[in-house]
Structures are given as C-alpha cells and as structure tokens.
Amino acid sequence: MERDDVLEYLLEARETLESIEKELLHFEKSTLDGSLVDRELLDTLFRHFHTIKGSSGFFGLTAIVKIAHAAENLLDYLRNNPDAQDEDTLEYLITALDHLNELVEHEENSPTGGGFFNVLQTQFLEKLNEKNEVIRVRQTQTTETAKTNQSEPEFGLFQNTTSHNNQKVEEFGLFIEKSETDGKEEFGLFTDDSISTPNEEFGLFIKSDVIFKKNIIQKPEENLKTEKKSIIKKDIRIDTDKLDSLLDIVGEIVITEPMVTDHPDITKLKLENFQKTALQLKKLIRNLQEITLSLRMVPIAGIFSRMERLVRDTAKKTGKQVNLVISGEDTEIDKSIIEEMYDPLVHILRNAIDHGLETPEERKEAGKQPQGTIQLTATQSGKEVWIEVRDDGKGLSREKILNKAISLGLLSRSDSEILEDKEIWEFLFHPGFSTAKEVTDLSGRGVGLDVVRKNVTTLKGFVDVFSIYGQGTTFLIRVPLTLAIIEGLVVRKSDTYFILPSIDVKESMYLVNEPINELYKNNHSIQYRTNQISIVDINLLFGKDSELNNQRSLKEKYLIVTESHEKQLGIVFDEILGNQSIVIKPISPIFKNINGLAGCTILGNGHAGLILDVRKLISQHLSSVTI
C-alpha cells in the first residue's frame, strides 16, 4: 500500500470524523429536554462509523477498525432501542470519536502499522466492549421475558387459531390456511392475482399493463436524478504548495505588468492602440489576481464548527449551561489566516465561559435564564473579516482589574482614577495578567488573552474589548482577508520608497509652511483639526535623528495621518505616488532587527519598496514619548 494513498484516505477520514462530531453534538442538543433522538440521526451516525470501519480495514488500520466497530455496535443497539439512550452512551460515543482522531493524527505523523499506541485506547475499547456486552445481555433478557409473557402456546411454534375439528393444525407457523385458494400458493412463489393469469411464474412474467404503469413512475425519477447530477458541485484536492506557487507567479505578473506598460521608453511615444491593449491587459491581470486569491479563500465554518465541541466540554468542566449561537459561518477568509485563528478563539471562548458566564444559580439570582448564551459571529467588512464573541454574562469588573494591575505595578492608584474603561480593559492582554482566584486547567495563569493579542497582531489584525458590567462582554477580532496582497499608499522619502497599508491611513495632506511644535529632540507635534498629534520623520525608523529638529515649519511636505487603536501619528514624506495593489515579499534577515518593517515589494517603476508596519511604529513612538 502506497504511503500517499494512506495519507489521502486519512484526510478523508478526518472529514468523516468532523461530520461525526457535528452529528454527536446535535444528538446531545436534541436530547437535553429528555426527548428521544431522531432515528435518522442515529442512522447517519451509524453509516459514518461503518464507513470509517470499512475503509480503515482496507488500509490495515486495525486499531481504528476495532474502535469504530465497537461504536457501530452501540449505535446499532440504539437504533433498535431508542428509548435506551442515556448520557452514558453519548459519552462513550464522544470518547470513541476522540480516540479515533488521535489514531488518525498519529498515523499521519508517525505511522505504526495501524495498531494502538496508547494504553488508554485499549482500556477504553475494553470498556466499550463491556458496555456492548451488558446491552446485549439486557436485550436478550428483555426479549425472553416478552416471549414468556405472550399468551400464545409454547414459543409460538404451535398455534391453533380455532377449535373446529375439521380444520388442519398449523405446525411451526409454516403453513397458514387463509382460504381455499391459498392451497395453490406454495412458499409464496406463486401468486394468483387473478384467475386469468396462469402464465405468471415466480414473478418473472408480469402483465403488460403493469409494465406501462411502472415506466410512467420511473421516468420522472430518472429525470430528477439527471437534474441532481447536473447541479452537483465538483471539488478537486490541490496541494496548498501548488496554490502558493501559483500565487507567487501571479504576484510577479502583477509587479511586471506596470514595468512593461508604463515603461519610460513607451510613455514617450503616442501609441493609442497600445494604450487600449494595455488597459485590457491590466483588467485581465486584475481578474486573474482576484481569482487566484479566491482559490485560497475557505469558509470560516470549518473553525467555527470546532468551537462547538470546545464550548460543550468547557461548559461541562465548569458546571455551567451554555448555548453557542453561530452566524456568518459562510464568510470566507484566507486559509493561512484561518489556521492561525484557532488558538485566539479557543482562549476567548474559554475565558467567556470560565470568567464571563455565571453559574445557573447566580444567573437565577440576577434575574437571567439559567443557560448562558455565547454568540460567535463572522462578517466581512471591506478588506477585513470581523469575528465577534459576545456573551451575556456578568461583564468585566473595573475595580477587580484595576486592583490586579496596581498589585502588578502596572499603574499607580492615582492614575487609575482618570483611566477610561477601554484603557483598563487593555490590561487584560498584559502577559501574566489574571483575575482568577485559583489556577485550574482552564485559567488562572494569565497566558490566555496575551496569546490572543500576539497571534492577531502577527496577522496584522486588532483585538478590541467592550463590556457592560452585569450585562456581558464582547471581544472583536479584525483580521485582513489575505496576507499575500494588500492595498497600499506608495510614498517617497528622498530616494527611498515606502508603502503604508491603506487600512492604517486616515488622511493625507499637503502642507506648506505649517508650524510645528518641538517638545524636545526627536519629539514634535502639529495641530491636526482640534487635536495636537505627534509627527515623525521616517529617518527615526533607521535610528537617525529627525530632520524636523532644525525646522520650525513644514515646507512643501506631505503628511500622512495614520491611526491604530484610536491613536494617531503623522509621518512626513516628500511625495505621494498613489494607491497600488502590493504583493508582499518576505523581508531580508538583514532588516529583521528594525522595528516597523512588515515586508518589501517591487514597484511598477522597478524600485524596491519597504512596507511599513504602522501599528508598531505608533506603539513604539508613543511608548517612548509623552505629549
């Protein structure tokens, strides 16, 4: 068996296991009120486990086969005896799913021939088989009891429906006398529909009028099948490395196109037909770029569905009742970003359940429903995807967070009185910050929300917190749709070109003889509308002194007002070249120690351009100066 074939199957097995998890959670939700689980749902679960068992057996994955077979037996019993379902059987099925996931993952990373690699797996299989044996014995006893209580004679073999002496005795239930005409029917092989059909034998010969009717019934069904086939969506598996290579090539085309169509040697000539063709080429390349990017876009439903199991398990550990409401799961986002969003969502949801939601008793005392609600929502806003986690719990305690911040030396008691709520919530993202009274396996070590901020910042995104005490808390994550190509504002400072992501640019202005205020060296400000904002020369990025030190006014300069977390910073440049789609290239290790650079690119004029990390620049500058 080729290793590639096994890996391809394991990928399909993962998808089947994801479907099983979704159906099991639906199983649990549908039975919370004590109602019986739907037979169709049990059939679906049975088929999934049966598929896993059969396919894994073909590839020699014996451990997966054994657990899937045991789970299949349990489901088969539930299908025939739906009233026997209980919380215990559901836990067995969920635990079986967990072990199957472990076996699949282990076989992908370090194949061992398909056997068990953990003693817990064999112990669980023994318990599950014991459960099935107990069920089998119980079912046999129930059946025997039911037969004993029947009013028929012994074992139902000898039945005498009448006491007339002229009637025959039915033996073993094989011969049943319905009427005089039944004597002609032997073993059900010969059916006499009418006296005039002596030629019908063994059901092989059927009257022509019956055939005509069957053709009429089958024809629309065949048409329906044809219609279904025509609308079936066909998917194909493609290695992500190939998609990345395609994206790189398209990126090079996007870069090269303006280098050709806007070449100085051509712009000097009056070529009307060439210009028309160049515009058409730009349009086609733009479409190609958008289609290529869309190939990496996947629905966020994949990661959202994994959160359902997380919420379920966390709620059970904390003894709380939680209803997870998901919306916007069809929102698409770059696959590379989705992979990095798992950890932040895990920490936020655990935090919402452990810290945000109250226990059922506390909620009743507060006049709320015993079951708390967490809303997980995704929406697309421009070039960003907004992911919102909202709970209806007790909200954030300003006093508790302030006391913890003061005890950690993050601020003084006097400063705490003038801080706004949104500034206080920022302490939650400080490493080691936790208001939990004790350390548990869920929280208390202060390594949750700082991981959220770090991961989201790496994705060029934001995390914001909103809370009303007694009503709930909302975490809002904003991340770009893709990290491969951005819309950026191209500017020039001397002979160097820079790109500022358009999402970080608030306004651009052309200033002539605009007065500036110098607080001290390398620290300047300017009047921007009704506020004073800091302004910097880009030289500060490279460790040089600002050219603004010896100036009292800005003479014929462009000021780009940038914004991050409602904090603004003005950056001075010599020229603005305009907006452009920028293909991000990794930056050289030579510049890795320079804060504020997010990457580089090649511009249409052939020059290299440095992409600025505006958020780091603002954070770094405002932390070093006080205005």
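Here's a quick rundown of the structure. As the structure is a computational prediction, the values presented were derived from the model and not from experiment.

## Remarks on the nonpolar core
Core analysis: the biggest nonpolar cluster contains 48 residues, and L345, I374, I387, I477 and V479 have the highest contact counts within it. Ranked by residue count, the leading element in this core is helix α11 (residues 335-356), at nine residues. The next biggest cluster of nonpolar side chains, apart from the first, holds 39 residues, and it includes V6, L75, L78 and Y92.

## Here's the deal with the sheet that holds strand β10 (residues 485-493)
The strand order across the open sheet built from five strands is β20-β10-β11-β22-β21, with neighbouring strands paired in mixed fashion. At either margin of the open sheet sits one strand with a lone partner, and together these are β20 (575-583) and β21 (597-602). Each strand of the sheet is rotated relative to its neighbour by a mean of 35 degrees, with strand direction disregarded. Pairing analysis gives six bridges linking β10 to strand β11 (residues 496-501), with the strands arranged antiparallel. Paired with L489 across the bridge in β11 is L500.

## A few points about a nonpolar patch on the surface
Residues L246, I291 and L295 make up a contiguous nonpolar surface patch of roughly 260 Å² in combined accessible area. Of note, I291 is situated in helix α9 (residues 272-295). Here I291 falls in the exposed class, since its relative accessible area comes to 52%.

## Section: a negative patch on the surface
Side chains of E2, D4, D5, E8 and E12 sit close together on the surface and give a patch of like negative charge. Position of E12 among the secondary structure elements: in helix α1 (residues 3-30). On the accessibility criterion, E12 (37% relative accessible area) is partly exposed.

What counts, and where the lines are drawn
Residues numbered from 1 in each chain as written. Predicted model: local features only at pLDDT ≥ 70, side-chain atom pairs only at ≥ 80, totals over all residues. Heavy atoms only, no water. Core = buried A, V, L, I, M, F, W, Y, C linked by side-chain atoms within 4.5 Å. Buried < 20%, exposed > 50% of the residue type's maximum accessible area, 1.4 Å probe, protein only. Helix = DSSP H or I, 4+ residues; strand = E, 2+ residues; numbered from the N terminus. Pairing = 2+ DSSP bridges. Axes fitted to C-alpha atoms, helices over the stretch in contact; angles between N-to-C directions. Patch = residues over 30% accessible without salt bridge, like charges linked within 9 Å, V, L, I, M, F, W, Y side chains within 5 Å. Areas by Shrake-Rupley, 256 points an atom, 1.4 Å probe, with all protein chains shown as cover. Salt bridge = Lys/Arg side-chain N within 4 Å of Asp/Glu carboxyl O. Lys, Arg positive; Asp, Glu negative; His and termini not counted. Charge placed at Lys NZ, Arg CZ, Asp CG, Glu CD.

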